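If you want the building blocks of each chain, they are given just below.
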Amino acid sequence: MATDIDLHLGRRLRRRRRLLGLTQQQLAMQVGIRFQQIQKYECGANRISAARLWQLAEALETPVNYFYDGLAEAIERAETGSGGGEVFSRKETLDLIQAYYQLGERPRRRLLDLAKSLHAEGDAA
């Protein structure tokens, strides 16, 4: 049975992999395992050893502590039952972030200003 920690690490693994545009297969090849193992890590079915976490961090070009960011809050939400769903684990959100960072600085700034103005209009209505 997956613990809250295993689930959190798996979510962070999936998020980072998707942000880099890697498939489970590509990541698995980089660390020398099968993609099914990545699937199990991402859903929390299998625990990630310290050595494997190090390999994954290297492959994903991130520090090991990235996987633990927000862990205390995630455990607290799980204990209180106020999970609310993780917006950043949605594919749509990740696609939007990737597309945003592919834009140049000026179009990014304009898009951000547009989003803020749309949000402000929604609050005024």
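The preceding data block contains the structure.
Residues numbered from 1 in each chain as written. Predicted model: local features only at pLDDT ≥ 70, side-chain atom pairs only at ≥ 80, totals over all residues. Heavy atoms only, no water.

1. Notes on a negative patch on the surface
This is how it is decided: For patch detection, residues must exceed 30% relative accessible area and be free of salt bridges, and they are connected within 9 Å for like charges or within 5 Å for nonpolar side chains (Val, Leu, Ile, Met, Phe, Trp, Tyr). To be clear on the numbers: accessible area is Shrake-Rupley with a 1.4 Å probe, and residue cover counts the displayed protein chains and nothing else. When a carboxyl oxygen of Asp or Glu lies within 4 Å of a side-chain nitrogen of Lys or Arg, that pair is called a salt bridge. His residues and chain termini do not enter the charge count, which takes Lys and Arg as positive and Asp and Glu as negative. Every charge is mapped to an atom, namely NZ of Lys, CZ of Arg, CG of Asp or CD of Glu. A run of H or I in DSSP counts as a helix once it spans at least four residues, and a run of E counts as a strand once it spans at least two, with each numbered from the N terminus.
Taken together, the side chains of Asp4, Glu73, Glu76 and Glu79 present a region of like negative charge at the surface. No other element matches helix H5 (residues 71–80), which puts three residues into the negative patch.

2. Here's the deal with a nonpolar patch on the surface
Nonpolar side chains collect at one region of the surface, where Leu103, Leu111, Leu114 and Leu118 lie side by side and expose about 330 Å² of accessible area between them. With respect to the helices and strands, Leu118 occurs in helix H7 (residues 105–124).

3. Looking at the packing of aromatic side chains
Short version of the rule: Between 30 and 60 degrees the pair is tilted, below 30 it is stacked and above 60 it is edge-to-face, where a pair is any two Phe, Tyr or Trp rings, Trp via its six-membered ring, whose centres lie within 6.5 Å. The classification of residues rests on relative accessible area computed with a 1.4 Å probe and restricted to protein chains. Under 20% of the type maximum is buried, over 50% is exposed, and intermediate values are partly exposed. Our definition puts a charge over a ring when NZ of Lys or CZ of Arg is within 6 Å of the ring centre and also within 35 degrees of the ring normal.
Under the counting rule described, the total for this entry stands at two aromatic pairs. Each ring, one from Tyr66 and one from Phe67, has its centre 5.4 Å from the other, and the planes form 80 degrees; the classification is edge-to-face. For the pair formed by Tyr66 and Phe67, the shared burial category is buried. Considering the side-chain rings of Tyr100 and Tyr101, the 5.0 Å spacing of their centres and the 85 degrees angle between planes classify their relative orientation as edge-to-face. A relative accessible area of 57% places Tyr101 in the exposed class. The side chain of Arg108 reaches across the aromatic face of Tyr100, ending 5.9 Å from its centre.

4. Topic: the packing of helix H1 (residues 4–19) against helix H6 (residues 91–102)
Put simply, the rule is: Interaxial angles span 0 to 180 degrees and are taken between N-to-C directions of axes, which are lines fitted to C-alpha atoms, for helices over the stretch in contact. Orientation categories follow fixed angle ranges, with anything under 35 degrees roughly parallel, anything over 145 roughly antiparallel, 65 to 115 roughly perpendicular, and all other angles oblique. Left-handed describes a crossing in which the near helix is turned anticlockwise from the far one by less than a right angle; the clockwise case is right-handed. Residue contacts are counted whenever heavy atoms from the two residues lie within 4.5 Å of one another.
For the pair H1 and H6, the least separation of the axes is 10 Å and the interaxial angle reads 40 degrees. One way to sum up the angle between H1 and H6 is to call them oblique. Both H1 and H6 take part in a crossing whose hand is right-handed. Seen from H1, the contacting residues are Arg15, Arg18 and Leu19; seen from H6, they are Lys91, Leu94, Ile97 and Gln98.

5. Digging into the nonpolar core
Put simply, the rule reads: We define a nonpolar core as any set of buried Ala, Val, Leu, Ile, Met, Phe, Trp, Tyr and Cys residues linked to one another through side-chain atoms lying within 4.5 Å.
Leu13, Leu27, Ile38, Tyr41, Ile48, Leu56 and Phe67 are the most contacted members of the largest nonpolar core, which has 17 residues in total. Breaking this core down by element, the ones donating at least two residues are H1, helix H2 (24–31), helix H3 (35–43) and helix H4 (50–59). When residues in this core are grouped by element, the largest group, four residues, is from H4. If sequence neighbours within four positions are ignored, Leu56 has contacts with Leu13, Leu27, Val31, Ile38, Tyr41, Ile48 and Phe67.

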